[in-house]
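Observations on the model geometry
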Amino acid sequence: MCEEFNALTKQNTWDLVPRPDGVNVIRCIWLFHRKFRDSGDLERYKARLVDNDTNQQEGIDCGETFSPVVKPTTIQTVLSIAMGMHWPIHQLDVKNAFFHGDLKETVYMHQPPDFVHPAIPQFVCRLRKSLYGLKQAPRTWYDHFARYLLQIGFICSRCDNSLFTFHRGSSTAYLLLDVDDIVLTASSDGLKNEIIALLKTEFAMTDLGKLSYFLGISMTRSAATMFLYQRKYAEEIVYRAKMANCKIMPTPVDSKSKLSANDGAPVSDPTLYRSLAGALQYLTFTRPDIAYVIQQVCFFMHDPREFHFAALKRIIRYVKGTLDFGLHLYPSAPTKLLAYTDADWAGCPDTRRSTSGYCVFLGDNLITWSAKRQATLSRSSAEGEYHGVANVVAEICWFRNLLLELQCPLRKASIVYCDNISAIYMFHNPVQHQRTKHIEMHIHFVREKVARGQVKILHVPSSYQYADIFTKGLPRQLFTDFRSSLSVRPPPAPSEGEY
């Protein structure tokens, strides 16, 4: 507590002033927690002074809020490029990040508990800088950090505000910001060290060395692969569900079952269901093989039934048997985008809406995937497929712009594989038919990208349609083959060594 309080006073975080009449004074509390390493060992104890923002009033002592959180897809893309270019990847942590943000609003706070000034206990703190817990704290910190990066030559990405790029001649660097965690990769060790030195002149930072643990995800790198996994997090989910000794399952979902809103009696503990389903959502960051079934069980958060809970437990049984599995990234040149898309037409037994799924590869690396129920009803299987293709083409357009900002422009058309021949005919046929008028916007959007040479739609047999894993339950052998094709496998052999 003393260390935290001294850091606050050193930063001139507040001034002690007499309490003005009629002003809103917010309270603050001390929070204590333990910080662990990725191995599970205790790293240190932390105490943090946090504002209670529940009585902040918008327009008076808080304005616009924003949380600088990087997109998972951006992380995968940057890591994939760094692997392909054999660049070093470094991790940094900003100490007391939110204290660097300068407040524009006038905010008054009670003096911290146990640190009330004995001579003037009736005074209050007029905040100069933001504190953790303030609604505007993430925004003020991001503004300060972004301004400094722009001063030293970085450019903020338009595709993702938490991505910053640096280009100087043949030298290039990418910086990812997630609240106070930073991932930095550069084309040379000299440029990387130069940027770190510049950052340390402005911010108090901890150099964590090579990237190994970021946002709860462990990462190991060798010359042949980077392995992203969440074993510790998955073990915590199994433990929370009290299923440490459960029987494991070979697949996360039955290939014959479809979940309905009224299946079985309501569960006795809906809070546990929601907690487990929400926790499993984050596991899909490195486990695309469970994305479809997680999307299915999350539909029933408002009123979970016993049948839904059984499906949820099956996922945990599958996770228990694949704790070591994770996502592999390989040293592949970022010269092509390849996508697979599929739709399970009228698959929902309640609404008869279709489920779309897609996966996108940059070179040989899987960088994004999706399993999502369509917002509207499709009148045919071709229409359902067309909605899915339009979604992945929109994602590809975003990727092409992102790669342009990263100085890795694509010279060739992006390939989209679809297994519905009728839908493919509609992509290339300029004649409008009566049955396609209601999806005309999707048709024109995709056709325009095809005409410009940015996208090419090709047919793929169903036996090679990897996106099937995001739209339905599959037989065991087919599921295992598709899972491996998505680079979801056990860790590499330890003999490969570290990079």
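Here, the structure is the one placed above.
Rules behind the numbers
Residues numbered from 1 in each chain as written. Predicted model: local features only at pLDDT ≥ 70, side-chain atom pairs only at ≥ 80, totals over all residues. Heavy atoms only, no water. Pairing = 2+ DSSP bridges. Helix = DSSP H or I, 4+ residues; strand = E, 2+ residues; numbered from the N terminus. Axes fitted to C-alpha atoms, helices over the stretch in contact; angles between N-to-C directions. Disulfide = S-S within 2.5 Å. Buried < 20%, exposed > 50% of the residue type's maximum accessible area, 1.4 Å probe, protein only. Polar contact = N/O pair within 3.5 Å; in protein donor to acceptor, adjacent residues only side chain to side chain. Parallel < 35°, antiparallel > 145°, perpendicular 65-115°, else oblique. Left-handed = near helix turned anticlockwise from the far one by under 90°. Contact = heavy atoms within 4.5 Å.

Some remarks on the sheet that holds strand 11 (residues 181–186)
- Overall, antiparallel pairing links the six strands, which are arranged 8-9-10-11-5-12 in an open sheet. Each end of this open sheet is capped by a strand with a single partner; those strands are strand 8 (154–156) and strand 12 (205–210). Strand after strand, the sheet turns through a mean of 25° between neighbouring axes, direction not considered.
- Pairing geometry for strand 9 (residues 163–168) and strand 10 (residues 171–178), over six bridges, is antiparallel. Paired with phenylalanine 166 across the strands is alanine 173, a residue of strand 10.

What to know about the state of the cysteines
- Under the defined criterion, the tally for this structure stands at zero disulfides.
- Among the cysteines around cysteine 28, which has no disulfide bond, cysteine 125 carries the closest sulfur, lying 6.9 Å off.
- Free cysteine cysteine 246: the closest other cysteine sulfur is in cysteine 298, separated by 19 Å.
- Residue class for cysteine 246 comes out buried when judged on its relative accessible area of 17%.

A short note on the environment of serine 188
- With respect to the element layout, serine 188 can be found in the loop between strand 11 and helix 4 (189–202).
- It is 31 Å that separates the C-alpha atoms of serine 188 and proline 138, two residues lying 50 residues apart in sequence.
- One polar contact links the side chain of serine 188 to the main-chain amide nitrogen of leucine 191, over a distance of 3.2 Å.

Quick word on the sheet that holds strand 17 (residues 337–344)
- On the basis of which strands lie adjacent, the open sheet formed by five strands has the order 19-18-17-20-21 and mixed pairing. Looking at the sheet topology across the chains shown, the edges are occupied by strand 19 (365–373) and strand 21 (455–459). Across the sheet, the mean angle from the axis of one strand to that of its neighbour is 20°, orientation sign disregarded.
- Summarising the sheet, strand 18 (residues 355–362) and strand 19 pair through eight bridges and their orientation is antiparallel. Following the sheet pairing, phenylalanine 361 is matched in strand 19 by leucine 366.

Details of the environment of alanine 333
- Looking at where alanine 333 falls in the secondary structure, it is placed in the loop between strand 16 (326–329) and strand 17.
- Looking at alanine 333, the relative accessible area reads 43%, which means it is partly exposed.
- For the pair formed by alanine 333 and methionine 85, sequence separation is 248 residues and the distance between their alpha carbons is 7.4 Å.

Let's talk about the packing of helix 5 (residues 231–240) against helix 6 (residues 270–283)
- Where helix 5 contacts helix 6, the two axes come as close as 10 Å, and the packing angle between them is 165°. Taken together, the axes of helix 5 and helix 6 are roughly antiparallel relative to one another. Judged by the sense of rotation from one axis to the other, the crossing of helix 5 with helix 6 is left-handed. Residue-level inspection shows Tyr233, Ala234, Ile237 and Arg240 of helix 5 in contact with helix 6, the latter providing Leu272, Ser275, Leu276, Ala279, Leu280, Tyr282 and Leu283.

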